[in-house]
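Below are the chains, spelled out letter by letter.
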Amino acid sequence: MKNKGLGEFEELVLLAVCILKGEAYGINVKKEVEKHSGRSVLLGAVHITLYRLQDKGLLTSEMGGNTEKRGDRRKRLFEITTEGMKQLEAAQDVRQKMWSLIPQLNSGQ
Amino acid sequence: MFSKKGHKPPRLADWLVSNLIGDEYLEEFFGDLQEIYEDRLASKSRAYAWCMYWVDALHLLFGFTSFKLFKTQNNTIMLKSMFIIAWRNAIRQKQFTVLNLLGLTIGISISLTIGLYVYNESNFDEFLTEKDRIYRVNQPDIWNEWTEMSSTTGPNVATALRAEIAEFEEVTRILVMGNQFTRYSAESTKAKTFKELRFHLAEENFFKVFDYEFLQGNPATALAAPMNLVVTETTAKRYFGTTDALGKSIEVKDWDGSWKTYVVTAVLADLPSQSHLQFDMLASLTSNQEQMDYHSWKWIWTAFSTYVLVNEGADIDALTDKLQTIPPKYAPPTTERIFNQSYEEFTAGNPWKLELQPVTDIYLGVSPSQNAFGPVGNAQVVQIFAAIGVVILLLSCINFINLSTARSANRAKEVGVRKVLGSQRGTLVRQFVFESVLFVAIGTLLALVVVNSALNWFNIVAERELSLIPWLSQPSFLLILLLFVLGLGILSGGYPAFYLSSFKPIAVIKGQLSKGNKGKSFRNALVVFQFTISICLIICSLFVQKQLRYASTIDLGLTEENLLQIHNIEQFGFNSEPIKTALSGLAAVSEIGKSFGIPPNVGSGDRYRSTEPNAPVLQLSNLRVDEDYLDVIDVSFLSGRNFDIERPADKYRVILNEEAIKLLGWNAEDAIGRSIAVASGNEDEFKVIGVVKDFNFQSTKTGILPLILLHHGNDRVWDYGAGLSYYTLRLKPSAVQTSDNLRVLINDSEAILKGIDQSIPFEFSFMDQQFEDSFRNEQRMGAVLNFFTLMAMVIACLGLFGLAAYSAEQRTKELSIRKVLGAKTSQLTLLFSTGFIKLVGLSILVSVPLAYWLVNIWLEGFAYRTPIQVGVFALAALISLLIAIFTTGYQSLYVASKNPVDTLKSE
């Protein structure tokens, strides 16, 4: 499992958590992913992914920050772990490396 | 709980989420759901928000369900406590528990078994890859009433279809060959001989339409050349001891007694039992090329079944219309050359229509009712069984609901106490629903065990190969079981759960509640329903038994006892006189005669007419007999005489039965000396020398058809020399009193025949047994119906017993007070029972007309019907009343004889 790398949606969710920095919980993450990817995402999908990433050790979470809008319930706030950061960077590296190898782009310079 | 502003999100979704998802997630999820709901309310419509709430909730459910039903805050403890309470209640009321489980298990077992049976019957030929494109071509039964359809057609039908219709990808024929004698000799061993009953000829492209599983050989070439033979796995093992049979040869006896050698080109896996085509051997049609060349233009050699594979997307209705142009174009040569009649004369206004029947409809199809190549199902029986299955399941569910609701009323106090101690209503509901779901689940599991072990028995009786095990790995089957358990559990637990948990604790504990009286009329209605069904079943099964007995006692017009029939005589060639002489030498044999068919299986027939001018053509069954046969089976003559061995001219004379002369418009006296001829242009006239009283030569399910008896030596009728022949031996009753006598007789007969030709299999039958066997289906159905009736009655009684017990408990005090005030035990018993007896009486009133209607429908299928007598209805009513009295009687006596002191002192 560990070397499996990140799925595309997982990557988006991880990035959203990074962007939101301490404010990342289900709905926020959903909105963030929707905003950048331009597609609509189901809340459940976000939750499932968040928990899966947490199980993989790429995210940690704690409860906090209740608001009236939520009927006074707390949110579960997610943070990225160092391992999560590493995987994100690794994914980014792979892409960069592969992009640089596409012939058309190189010759266009 | 929720923010006050706006519309509330769906409660049911919340309930599901809170019950099915782990608690650790709930706060967050509900928060998120609520927040996004508010957002949506603000920006979109209420309905949208509401729908999306459901979508999100369900999505979360799918993602996070731990599938632990009824989870609560400290769920293991709670679950344990629910179990304990359920267990204690079950133990405290052992009687109810046992009754409940028993009724439920019986009901589910029976309906499950029936379900398997019905599923089996309605899914024939579903294994064929091209099942949606395969059709059989049917035509009217030109040999009898043209209104009936026949599954067999002449050889020219396929040829015509190939030439005329472009929409068929394949057209293929299969030819029934009847019994074939075969032998196989391996090197250095004695030849093995067999009689093959399921040997057919098929065309090269047969396997393009019917893609059976091949173990060996190539489907494309297996039937490509003459003398190719395809065998099934079991057959290969029977001959060769192995399935490795390619290239081995099997000899088949030809009509002239010579042996033709076939070479095995393919071995098939045994055919699925759910196939309407069944065979052990399939030879290439070209093996019979000589006969095919000679007859292939004919439309009256109706021994073929023609199948077509239609092109994808073809319009079947349009195709069927197109087919109707074929017979007028291709059949006239047949009618003209063979019958000397024009097409119009031959059909006499009946349309010679060709019909396309989907292959998956063949087995249960009502018309045509015959299939020359395999089993035919009985749609009526399947429907009756399906109805019984549903009804019995319904009965046991009703029982369960009835008993559960009655029982729960006893727990009113428990509910009160629990409420006082702080139980939420939800907890109580959960407890009740949990208990009844648990009950249903246990009942279902027990039923699975019962069905699994009882299926063997059912398979023997119904002659099927049903099995439960493969179903247990089918998700859809398991889902249905789960839905059933939850459905029945929630339904039967739900009513008492919500009703009871709504009690005000103070009222309950004070005893101000009229316990369980609510819903009494509902329960009574259910009891009436149960008994109506049971009494109906009793009446029906009594009539089935009566009809079966009746059919076996009607006077057949011949003496069917003590007649031993020896088969395969045709295999000995034309001159069978030595056999006759040898057999008549046996001490136990008093008379012996030869015939070319044996009742009740005389099936052949032809078209005849009287030789008078303008006489109509008649379809007569025909039976060839020797001079002695009619005396052997003890048929009596109305007029004239039997064939006489002293008069050689009798060879071309005939005897008719009563029905035949009636149809000819003659009477017994003036029939003698008139003549009759085969209506096929062949002008040979046969003089009638006798008229026999009608006797049943077919099953008593049908009436007696017109019959012509031909002399065994009559070589001017086409079927001379063809067909099967038999010797029938009249046994001296005194000589065959014990089964040992019989065994000796049969061994002696076998020795005689084997002494003449070792290679011919010895087969025999008794005529009375064969008449009985013709009712085997009905008898089997009768046996199963009896069993189901018994079970339905048991279920209904369990229900009544349970209710009586419950009512007894409820009314103990009332009856005790009555007793104190002077009522006698007998009066109390009567008072207590009357209520129940009234219910059964009402059921009788409802069920009698219903049963009368059903029995009438069933009896219509028989030629000889047992009269519908009032006595049977009275008997059924009496039986059910007695059972009801017996069931409630114990309870009422028990209650009525209680000492009032014991029951009244506690208050």
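Since we're looking at a predicted model, the values are computed, not measured.

Procedures and definitions
- For every chain, the first residue of the written sequence is number 1, and numbering continues from 1 along that sequence.
- Each chain is given a letter, starting from A, and each ligand a number, starting from 1, according to the order in which they appear as written.
- Where local features are concerned, this predicted model is filtered to residues with pLDDT of at least 70; where side-chain atom pairs are given and counted, the filter is 80 or more; whole-chain, interface and lining totals use all residues.
- Neither water nor hydrogens contribute to the side-chain values; these are computed over all heavy atoms in the structure.
- Geometry is summarised by axes, namely lines fitted to C-alpha atoms with helices restricted to the contacting stretch, and by angles between N-to-C directions that run from 0 to 180 degrees.
- For the purposes of this entry, the term helix denotes a DSSP run of H or I that reaches at least four residues, the term strand denotes a run of E that reaches at least two, and both are numbered from the N terminus.
- In this scheme, roughly parallel covers angles under 35 degrees and roughly antiparallel covers those over 145, while 65 to 115 is roughly perpendicular and the rest are oblique.
- A clockwise turn of the near helix away from the far one marks a right-handed crossing, whereas an anticlockwise turn of less than a right angle marks a left-handed crossing.
- We call two residues in contact when some of their heavy atoms are within 4.5 Å.
- The classification used treats Ala, Val, Leu, Ile, Met, Phe, Trp, Tyr, Cys and Pro as nonpolar, Asp, Glu, Lys and Arg as charged, and all other residues, Gly among them, as polar.
- As used here, buried area is the combined drop in accessible area, with a 1.4 Å probe, of two parts when they are placed together.
- Put simply, a salt bridge is a Lys or Arg side-chain nitrogen that is within 4 Å of an Asp or Glu carboxyl oxygen.
- Polar contact criterion, stated in full: a pair of N or O atoms within 3.5 Å, where within protein one must be able to donate a hydrogen and the other to accept it, and residues adjacent in sequence count only if both atoms are side-chain atoms.
- Think of it in three bands: with a 1.4 Å probe and only protein chains considered, a residue is buried below 20% of the maximum accessible area for its type, exposed above 50%, and partly exposed in between.

1. Focus on the packing of helix α1 (residues 8-20) of chain A against helix α4 (residues 82-100) of chain A
All names here are of chain A.
Item 1. Remark: α1 packs on α4, axes separated minimally by 11 Å, with the N-to-C direction vectors making an angle of 120°. By the angle between their directions, the pair α1 and α4 is classed as oblique. The way α1 lies across α4 gives a crossing that is left-handed. Where α1 approaches α4, its residues E11, L14, L15 and C18 are matched on the opposing element by G84, M85, L88, A91 and R95.
Item 2. The class makeup of the residues in the contact of α1 with α4 is 6 nonpolar, 1 polar and 2 charged.

2. Overview of the interface of chain A and chain B
Item 1. Contacts between chain A and chain B engage 20 residues on the former and 24 residues on the latter.
Item 2. Where chain A abuts chain B, roughly 2,000 Å² becomes buried across the two surfaces, and 59% of that area is made up of carbon and sulfur atoms.
Item 3. For the chain A face of the interface with chain B, the top three residues by lost area are Y51, K69 and R73 of chain A, together amounting to 30%.
Item 4. Taken together, chain A and chain B are joined by 3 salt bridges.
Item 5. Across the pair D39 of chain B and K31 of chain A runs a salt bridge whose closest N-O atoms are separated by 3.3 Å.
Item 6. At the boundary of chain A and chain B, one finds 7 residue pairs in polar contact (both at pLDDT 80 or more).
Item 7. Of all the secondary structure elements, the ones that give two or more residues to the side of chain A that touches chain B are α2 (26-37), α3 (43-55) and β2 (75-80) of chain A.
Item 8. Looking at which element gives the most residues to the side of chain A that touches chain B, the answer is α3 of chain A, with 6 residues.

3. Observations regarding the pattern of salt bridges
Item 1. For the structure shown, the criterion picks out 39 salt bridges over all chains.
Item 2. One salt bridge in this structure joins E11 of chain A and R95 of chain A, with 3.0 Å as the shortest N-O distance. A residue pair is termed long-range when its members are at least 10 positions apart, and E11 of chain A in helix α1 and R95 of chain A in helix α4 qualify at 84 residues.
Item 3. Judged by its relative accessible area of 8%, E11 of chain A falls in the buried class.
Item 4. Given a relative accessible area of 42%, R95 of chain A falls into the partly exposed group.
Item 5. Between E121 of chain B and R464 of chain B there is a salt bridge; the shortest N-O distance is 2.6 Å. Highlighted residues: E121 of chain B in helix α5 (residues 94-122) and R464 of chain B in the loop between α16 (425-462) and α17 (475-501), separated in sequence by 343 residues.
Item 6. It is possible to trace a salt-bridge network through shared partners that takes in E130, R133, E169 and E312 of chain B.

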